[in-house]
Amino acid sequence: MHSLISNQDEKPWVVQKFGGTSVGKFLKNIANNIVKTHLENNRVVLVCSARSCDTKSKGTTNMLLKAADESLDPDSKEYLKTIDEIANDHIKGSRSLVCNAKILDDLEQKILNEISELKNVLSATQVLGEISPRSKDIIIGYGEKLSCRVITAVLNDNGIDSEYVNLENIIEKGKFDRCDLDQSFYDYLTQVISEEVKKCGNRVPVVTGYFGTVPGSLIANIGRGYTDLCAALLAVGLGAQELQIWKEVDGIFTADPRKVLDARLLPIITPEEASELTYYGSEVIHPFTMEQIMRHNIPIRIKNVMNPLKNGTIIFPDIIANNGWSKDTNILELLDQNGYHADMSRKHPTAVTIKDKIIVLNIHSNRKTISHGFFAKIFAALDTYGIIVDLISTSEVHVSMAICANILENDLQNAIRDLKKLGRVNIKSYMAILSLVGMQMKNMVGIAGKMFSVLAVANVNIEMISQGASEINISCVINEEKAEIALRAVHAHLLVPYYVN
Ligand SMILES: Nc1ncnc2c1ncn2[C@@H]1O[C@H](COP(=O)(O)OP(=O)(O)O)[C@@H](O)[C@H]1O
Ligand SMILES: N[C@@H](CC(=O)OP(=O)(O)O)C(=O)O
């Protein structure tokens, strides 16, 4: 449960997570309009990602992954050029942001030290001619180390007494090498990360969202966006009043606001809904974040760095609402302002989302092979090639699966070869998953029928249908070229104005 503050003199913690593009573009604003304001009523800790001055795809983490690949060519020095680009970006950024000559000098020296260490790591991978998942983790960690060095200096330069906290060695060596990532690992991380942060005393800690080499690789087991998870673990460890995820969007909308112009901002949403939306294309927050936060009932607030005074979206565990938790009047006020009853009952779905770049794999069993092992063999084949199934729909002899097209062609072809031993296989590419999400949908008779009628009227053909066991998500697979038409049609007809409750 959310911990009570025993010492009344001590302000409650707020954990603020800033993504790569936010720290790349809005650092002065973050220091002066966000951190300073929150310091009036809270103890603040920042958890930050690697810098991206333009888009995430052109950001430091991607450049580091590119350099790592380039270092595998024994005859090329291309990786050194890529690293120099990263160095120049950080030095140039620092010079435009830090005024105090001493702070700037010190920062530049630290950046150059990190860069020379990174070059040593990559020259070692070039000699070895291979990169282990562990080395790849170490390489991407430089992104967060560099960005947090810059952020700490900018905060200090703007009169906020802050301290750099590097989590790269936070996991005790050898302790988890042979274990899977399970809750005991996350509990351990929660404890060691918060202990490390508390060492900063009254200074504002600036924590690297990178937390070291995790069992079986950070990229493979947690994936990009791991900084959200780090912030969640820290919020749990500190018993924070709130975890704030700062983005360049006002919060979570009823649909992607880039695609549906009249999408509405959702003032409040449950973690279950947020998880479904995130998994099915609205990538506002890393899905593992919700799981940790939900276990401890800490609210997450999504806010906009460009619009800090707006309330944003609160991801609010149902259980708090049901128990009438009243420690934070802001939350209850927010509920009131938006016409919410404490049980958050809604008479319509919450949001609609699209996940594109989907392939549908259809396997039609040749009746002779049908047996209890049919499904087991299908999943074994997919597991061998690391293929993740997003949706599945089955009959006794037919299985349709929607999988993400973002896999290696070789892996797909090998999986198809194995699956062909079980029956006829055909694939459909250029598909998309459309998902309608809402906590109250399990009580809405006829909602699936309405969704499919809306799609029929919009002339959208449905390839496959699936409803999750949680009953808060109805999904179907459609042609990718119809995805936006379908999204707008479902939004227009099923996402009725928000305050009708
Ligand atoms: N339902 C949704 N609500 C809000 N944003 C959404 C939704 N679905 C997709 N998005 C998109 O997710 C993006 C997340 O915000 P942004 O701050 O740009 O991400 P990041 O910091 O991860 O680069 C936005 O560009 C927005 O268009
Ligand atoms: N730098 C990492 C970690 C991260 O969390 O990024 P962001 O917060 O910008 O999504 C990545 O790009 O995956």
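Because the structure is a prediction, the values reported are computed rather than measured. (Residues numbered from 1 in each chain as written. Chains lettered and ligands numbered in written order. Predicted model: local features only at pLDDT ≥ 70, side-chain atom pairs only at ≥ 80, totals over all residues. Heavy atoms only, no water.)

S.K.: Where do I start with the overall build of the protein chain in this structure?
M.R.: Counting secondary structure elements, the protein chain contains 17 helices and 14 strands. When the 501 residues of the protein chain are sorted by exposure, 53% land in the buried category. Long-range contacts, defined here as pairs at least 24 residues apart, represent 76% of the contacts in the protein chain between residues at least 6 apart. (Helix = DSSP H or I, 4+ residues; strand = E, 2+ residues; numbered from the N terminus. Buried < 20%, exposed > 50% of the residue type's maximum accessible area, 1.4 Å probe, protein only. Contact = heavy atoms within 4.5 Å.)

S.K.: Help me out: how do you make sense of the site of ligand 1 in this one?
M.R.: Neighbouring residues of ligand 1: 13 residues in total, closest Glu-248, Phe-253, Asp-256, Arg-258 and Ser-282. Between ligand 1 and Lys-247 there is a distance of 3.2 Å, counted from an oxygen atom to a side-chain nitrogen or oxygen. When ligand 1 sits alone it has 560 Å² of accessible area, and the protein chains cover 83% of it. Its residues placed into classes, the shell around ligand 1 shows six nonpolar, three polar and four charged. (Near = heavy atom within 4 Å. Polar contact = N/O pair within 3.5 Å; in protein donor to acceptor, adjacent residues only side chain to side chain. Areas by Shrake-Rupley, 256 points an atom, 1.4 Å probe, with all protein chains shown as cover. Nonpolar A, V, L, I, M, F, W, Y, C, P; charged D, E, K, R; others polar.)

S.K.: Sorry if this is basic, but what is going on with the packing of helix α10 (residues 271-279) against helix α11 (residues 287-296) here?
M.R.: The angle between the axes and the distance between the axes are what describe a pair of packed helices. The contact between α10 and α11 brings their axes to 9 Å, and the two run at 165 degrees. Taken together, the axes of α10 and α11 lie roughly antiparallel to each other. Helix-helix and strand crossings are classified by hand; for α10 and α11 the assignment is left-handed. Contacts from Pro-271, Glu-272, Ala-274, Ser-275 and Thr-278 of α10 reach α11 at Pro-287, Met-290 and Met-294. Class assignment for the residues of the contact of α10 with α11 results in five nonpolar, two polar and one charged. (Axes fitted to C-alpha atoms, helices over the stretch in contact; angles between N-to-C directions. Parallel < 35°, antiparallel > 145°, perpendicular 65-115°, else oblique. Left-handed = near helix turned anticlockwise from the far one by under 90°.)

S.K.: Explanation requested: the site of ligand 2 in the structure shown.
M.R.: For ligand 2, the full set of nearby residues is Lys-17, Gly-19, Gly-20, Ser-49, Ala-50, Lys-56, Thr-61, Glu-144, Arg-224, Gly-225, Tyr-226 and Thr-227. Gly-20 places a polar main-chain atom, nitrogen or oxygen, 3.0 Å from an oxygen atom of ligand 2. In the model, an oxygen atom of ligand 2 is placed 3.0 Å from a nitrogen or oxygen of the Thr-227 side chain. Protein chains shield 91% of the accessible area of ligand 2, which is 340 Å² for the free molecule.

S.K.: Any chance you could explain unusual backbone geometry here in plain terms?
M.R.: Comment: phi is negative for the bulk of residues other than glycine, and the bulk of peptide bonds are trans. Unusually for a residue other than glycine, Tyr-430 sits at a positive phi of about 55 degrees. Note on placement: Tyr-430 falls in strand β12 (residues 423-437). The exposure class assigned to Tyr-430 is exposed, which follows from its relative accessible area of 64%. The residue Asn-459 is not glycine, and still its phi comes out positive at about 65 degrees. On the basis of relative accessibility, which here comes to 58%, the residue Asn-459 falls in the exposed class.

S.K.: Hey, could you run me through the side chain of Gln-126 in this one?
M.R.: Among the structural elements, Gln-126 can be located in helix α5 (residues 101-128). In this structure Gln-126 touches Ser-71, Asp-73, Pro-74, Asp-75, Ser-76, Lys-77 and Tyr-79, once residues within four positions along its chain are discounted.

S.K.: Can you help me understand the packing of aromatic side chains in this one?
M.R.: Working definition: an aromatic ring pair is given by the centre-to-centre distance plus the angle between the planes. Summed over all chains, the structure comprises five aromatic pairs. Here Phe-374 and Phe-375 contribute two aromatic rings whose centre-to-centre distance is 5.5 Å and whose plane-to-plane angle is 50 degrees, an arrangement assigned as tilted. A relative accessible area of 2% means that Phe-374 is categorised as buried. Take Phe-375: its relative accessible area is 33%, and that puts it in the partly exposed class. A cation over a ring is seen here: Lys-145 above Tyr-142, with NZ or CZ 3.8 Å from the ring centre. Geometry around Tyr-164 places Arg-149 over its ring, the cationic atom sitting 4.0 Å from the centre. (Phe/Tyr/Trp six-rings, centres within 6.5 Å; stacked < 30°, edge-to-face > 60°. Lys NZ or Arg CZ within 6 Å of the ring centre and 35° of its normal.)

S.K.: Any chance you could explain α5 here in plain terms?
M.R.: Owing to its 3.6 residues per turn, the α-helix brings residues three or four apart onto one side. Taking 1.5 Å per residue, 28 residues should reach 40 Å; α5 reaches 41 Å between its end C-alpha atoms and fits that length. Inspection of α5 places Leu-104, Leu-107, Glu-108, Ile-111, Glu-114, Ile-115, Leu-118, Leu-122, Thr-125 and Gln-126 among the buried residues, and these make up the whole buried set. Looking at the buried residues of α5, the elements they touch are α3 (60-70), α4 (78-97), α6 (133-157) and β3 (162-165). Where α5 begins, the side chain of Asn-100 points an oxygen toward the backbone nitrogen of Lys-102, at a separation of 2.9 Å. (Expected span 1.5 Å × (residues − 1).)

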